[in-house]
Amino acid sequence: MAEPTPDAWRRVDAYLTETLVGHDPDLDKAVAEQHAAGLPAIEVAPVSGKLLHLLARISGARRVLEIGTLGAYSTIWMARGIPEGGVVVTIEAEPAIAAIARANIDRAGVGDKVEIRVGRGEDVLPTLEAPILAGDVPRFDLVFIDADKESNTIYLDWAARLGHPGTVVVVDNIGRGGEVANPATTASHVIGTQRGLEMLGRDPRFDATALQTLDLKGWDGVAIALVTDAAAMPSAD
Ligand SMILES: C[S@@+](CC[C@H](N)C(=O)[O-])C[C@H]1O[C@@H](n2cnc3c(N)ncnc32)[C@H](O)[C@@H]1O
């Protein structure tokens, strides 16, 4: 058996990517454009992009909410997993990054399925509630949280409020190279990740698990939660 060294797990990731994911010119171009613009290579790995795509299809999602767009690599994967008439609402704090994402989304042919909301998640998320409460648009079926980790508990709260029992919630980067299990960490992004996981563990609106991942992005992980019936109960406040 091979030792789980970085070389070995990258070789396995490449094998799985070649065998199960393959290459898509629009997705490859989206990443290339993002890198050419000087944005960091912090998009999800191809195997995780395909996971998001499959979760959209498995859950029958029509409305997807993403927090953290970057160059729209994950956005395009999810947009391709929802039917015509469905929408991915994706939130990006930086206008210049949102412009790159828009170009990538349009080139990939999913422009009519994606709405980019430019602003901080904390500010944009409350604006999504009124149209839902008014019955103008349905609730979200799938939520992907992949922005500033310090705000994960805020994003999870909104995921429950804007979702419905049965909504699937995915939180990226929950392993952080093993740091997530360090109770003495002082890194704010790790503490934010820990707070989010603790919320998923105790908040009755969620039923969750998490998987560690070893891929070309290193040692990290993903949490996957289901919004439960408790989310439909009137809140105490
Ligand atoms: C990890 S990247 C997203 C990667 C993308 N989901 C993918 O896999 O292709 C995080 C993005 O969130 C954005 N971001 C950071 N803080 C944010 C905030 N408070 N609100 C909205 N977006 C934020 C960053 O500008 C960055 O583009």
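See the structure printed just above.
This write-up is about the structure you can find in this document. All of these numbers come straight from a predicted model, not from anything done at the bench.

About the thresholds
Residues numbered from 1 in each chain as written. Predicted model: local features only at pLDDT ≥ 70, side-chain atom pairs only at ≥ 80, totals over all residues. Heavy atoms only, no water. Helix = DSSP H or I, 4+ residues; strand = E, 2+ residues; numbered from the N terminus. Buried < 20%, exposed > 50% of the residue type's maximum accessible area, 1.4 Å probe, protein only. Lys, Arg positive; Asp, Glu negative; His and termini not counted. Salt bridge = Lys/Arg side-chain N within 4 Å of Asp/Glu carboxyl O. Polar contact = N/O pair within 3.5 Å; in protein donor to acceptor, adjacent residues only side chain to side chain. Contact = heavy atoms within 4.5 Å. Pairing = 2+ DSSP bridges. Axes fitted to C-alpha atoms, helices over the stretch in contact; angles between N-to-C directions. Near = heavy atom within 4 Å. Areas by Shrake-Rupley, 256 points an atom, 1.4 Å probe, with all protein chains shown as cover.

## Examining the side chain of Glu66
Here Glu66 is to be found in strand β1 (residues 63-67). Among buried Asp, Glu, Lys and Arg side chains, Glu66 stands out as unpaired, with Lys149 the closest opposite charge at 10 Å. Among the polar contacts made by the side chain of Glu66, one reaches the side chain of Ser74 at a distance of 2.4 Å. Glu66 has contacts with Ser74, Thr75, Met78, Val89, Thr90, Ile91 and Phe144, leaving out every residue within four places of it along the chain.

## Focus: the sheet that holds β1
The strand order across the open sheet formed by 7 strands is β3-β2-β1-β4-β5-β7-β6, and the pairing between neighbours is mixed. In this open sheet, the two edge strands, each paired with only one partner strand, are β3 (114-118) and β6 (206-215). On average, adjacent strands in this sheet sit at an angle of 15° to one another, irrespective of strand direction. Pairing between strand β5 (residues 168-172) and strand β7 (residues 218-227): 5 bridges, direction antiparallel.

## Some words on the site of the ligand
The ligand sits among 21 residues. The nearest are Gly68, Ser74, Glu92, Gly121 and Asp146. At 2.8 Å, a backbone N or O of Gly121 approaches a nitrogen atom of the ligand. Within the complex, the protein chains bury 90% of what would otherwise be the 600 Å² of accessible surface of the ligand. At the level of elements, α4 (73-79) and β2 (87-92) are the ones that each hand at least two residues to the shell around the ligand.

By themselves, these figures tell us nothing about what the structure is for.
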